[in-house]
Amino acid sequence: MKAITERLMKSRRMQSRPMMRPMKVASLAIPLSMTLLSSCERQAPEPPADPALPAVFADGADAKHDRVDNVHQVRFVEIFLVGREASTGDFVAAVYNTMYTPQGIPESKDTSPQALLEGLDFDHIQKEYGVLGASLNGPKLCLPDWVEIDVGAERDFDGLAAMWCAQLNMGNNASVGEIATYEPVTIARDSGLGWNKGTTVILLDDAEGNTWVMKGFELGLEPKYTYDEFVAALPGVYQKLPEGWKVRVKTLEEDLIDKPKGGVATIMKDEFFNVYDKTGPDMTNYKP
């Protein structure tokens, strides 16, 4: 247990610094805040009216609502393609996820094979799609058991297939940026998430009595530990929890359904870049 904890701590320190990657990444990077918060959740499609945006920004125009089951611990990545609206000057990103292709979830539960990730050339992707920049989010593990989502066009990224699933509005922030850990952020979301009875979840209880459920577990390109190792090392691995917060691991006694009222979810990241959803009234069917 001590060895796992030390490895987790070392990995967290490494994640806090820029990591060298074997792939080529286009020079215009996606804000870290957006990449961390978009995992396993989707904004309503907003097809662009701005003719200055590349064609990929129309990939959500005919998006269809779908439900995908058996996504618990599916490994995925998201590809972000960046453009800039001429009318506002704001940056926007078309988001593509590897979990929602017509091929479905493979038996291996890996929709983002490492060999394909290592072959990604984001300079080439940027030029191919005529965008200002391109970047990678993940790999991550999706922790809900099912997802309801709007799925648009499929694109190929150097042999890696991914489906349009969101458009993020980023304002004037087009460089890698940090958001504070354990700070709630709201995001418009038309999707739903669900954890089945019997699924084990990681929960954070904050000082105000709110409970947060982990929905996205960060692996990164060079994983230093598994999800099971992380769970086994709890709660000692958390060193930066705000005063009055605590960690729990719980096996659900009933289904947990996450469909925020009004289409606005409250989400948060921790010190390991894992992502959580707020539970409770107007967020989930109960607080676990």
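Above this text you will find the structure in question.
Everything numeric in this text was worked out from a predicted model, so none of it was measured.

J.: What's the story with the nonpolar core in this structure? I'm lost.
T.: Most often, soluble globular proteins have nonpolar side chains that are buried together. Counting residues in each nonpolar core, the largest one holds 46 residues, and the members touching the most others are Met214, Phe217, Phe230 and Tyr238. In this structure, Leu81, Ala94, Tyr96 and Phe122 belong to the second largest nonpolar core, which totals 22 residues.

J.: I keep staring at helix H4 (residues 122-129) and nothing clicks. Help me out?
T.: For the α-helix, the turn length of 3.6 residues means that residues three or four positions removed from each other point alike. Along H4, the residues that are buried comprise Phe122, Ile125, Gln126 and Tyr129. Down the axis of H4, the smallest arc covering the buried residues is 100 degrees, so these residues share one side. Elements that come into contact with the buried residues of H4 comprise strand S2 (74-84), strand S4 (133-142) and strand S6 (154-157). The distance from a side-chain oxygen at the start of H4 to the backbone nitrogen of Asp123 is 3.1 Å, and the residue carrying that oxygen is Asp121. Looking one or two residues past H4, Gly130 carries a phi angle of roughly 65 degrees, positive in sign.

J.: Please clarify how the layout of surface pockets should be interpreted in this entry.
T.: Remark: the empty space left among the atoms is shown by a probe the size of a water molecule rolled over them. In this structure, the second largest pocket encloses a volume near 150 Å³. If you trace the second largest pocket, you find it lined by Thr98, Thr101, Gln103, Gly104, Ile105, Pro106, Asp110, Thr111, Pro113, Leu116, Leu160 and Ala161.

J.: Sorry if this is basic, but what is going on with the pattern of salt bridges here?
T.: Two side chains bearing opposite charge may form a pair once their charged atoms approach each other closely. Per the counting criterion, the structure on display carries 9 salt bridges. A salt bridge links Arg155 to Asp59; the nearest nitrogen and oxygen atoms lie 2.8 Å apart. Of this pair, Arg155 sits in strand S6 while Asp59 sits in the loop between helix H2 (32-37) and strand S1 (64-69), and the two are 96 residues apart along the sequence. If you follow the salt bridges from partner to partner, you end up with Arg67, Asp69, Glu148 and Lys259 in one network.

J.: Honestly, the packing of aromatic side chains in this entry has me stumped. Any pointers?
T.: Centre-to-centre distance and the angle between the planes together describe a pair of aromatic rings. Throughout the structure, instances matching the rule amount to 10 aromatic pairs. When the centroid spacing of 6.0 Å and the interplanar angle of 65 degrees are considered together, the rings of Phe217 and Tyr225 count as edge-to-face. Residues Tyr238 and Phe272 carry aromatic rings whose centres are separated by 5.6 Å and whose planes lie at 85 degrees to one another, so their mutual orientation is edge-to-face. Linking Tyr238 in the loop between helix H5 (227-232) and strand S12 (246-251) with Phe272 in the loop between strand S14 (264-269) and strand S15 (275-278), this pair joins segments that are 34 residues apart in sequence. Of the aromatic side chains, those joined through ring pairs into one cluster are Phe217, Tyr225, Tyr227, Phe230, Tyr238 and Phe272. Its end group placed over the ring of Trp146, Arg67 keeps NZ or CZ at 4.1 Å from the ring centre.

Analysis parameters
For every chain, the first residue of its written sequence is number 1, and the numbers climb from 1 along that sequence. Since the coordinates come from a predicted model, pLDDT governs what is reported: local features require at least 70, and pairs of side-chain atoms require 80 or more to be given and counted, while whole-chain, interface and lining totals use all residues. No hydrogens and no water enter the side-chain calculation; it runs on all heavy atoms of the structure. Among buried residues, those of type Ala, Val, Leu, Ile, Met, Phe, Trp, Tyr and Cys that are joined through side-chain atoms within 4.5 Å constitute a nonpolar core. For every residue, the accessible area (1.4 Å probe, protein chains only) is compared with the maximum for its type, and the residue is labelled buried under 20%, exposed over 50%, or partly exposed between those bounds. Per the convention used, a helix needs a DSSP run of H or I reaching at least four residues, while a strand needs a run of E reaching at least two, with both numbered from the N terminus. The directions considered for the arc are those from the helix axis to the C-beta atoms. By definition in these notes, contact holds between two residues if any of their heavy atoms fall within 4.5 Å. N or O atoms within 3.5 Å of each other form a polar contact, as long as, within protein, one can give a hydrogen and the other can take it, and as long as residues adjacent in sequence are counted only when both atoms are side-chain atoms. The pocket and cavity definitions rest on a 1 Å grid over protein atoms only: a 1.4 Å probe that fits but cannot leave marks a cavity, an open set with protein on both sides within 12 Å along at least five of seven lines marks a pocket, and residues lining either have an atom within 4 Å of a point. Grid points are joined across faces, edges and corners, and a volume is the space filled by probe spheres set on the points. Salt bridge, as applied in this entry: a Lys or Arg side-chain nitrogen positioned within 4 Å of an Asp or Glu carboxyl oxygen. The aromatic pairing rule takes the rings of Phe, Tyr and Trp, using the six-membered ring of Trp, and pairs them if the centres are within 6.5 Å, calling planes under 30 degrees apart stacked, those over 60 edge-to-face and the rest tilted. Any Lys NZ or Arg CZ found within 6 Å of a ring centre and within 35 degrees of that ring's normal is scored as a charge over the ring.

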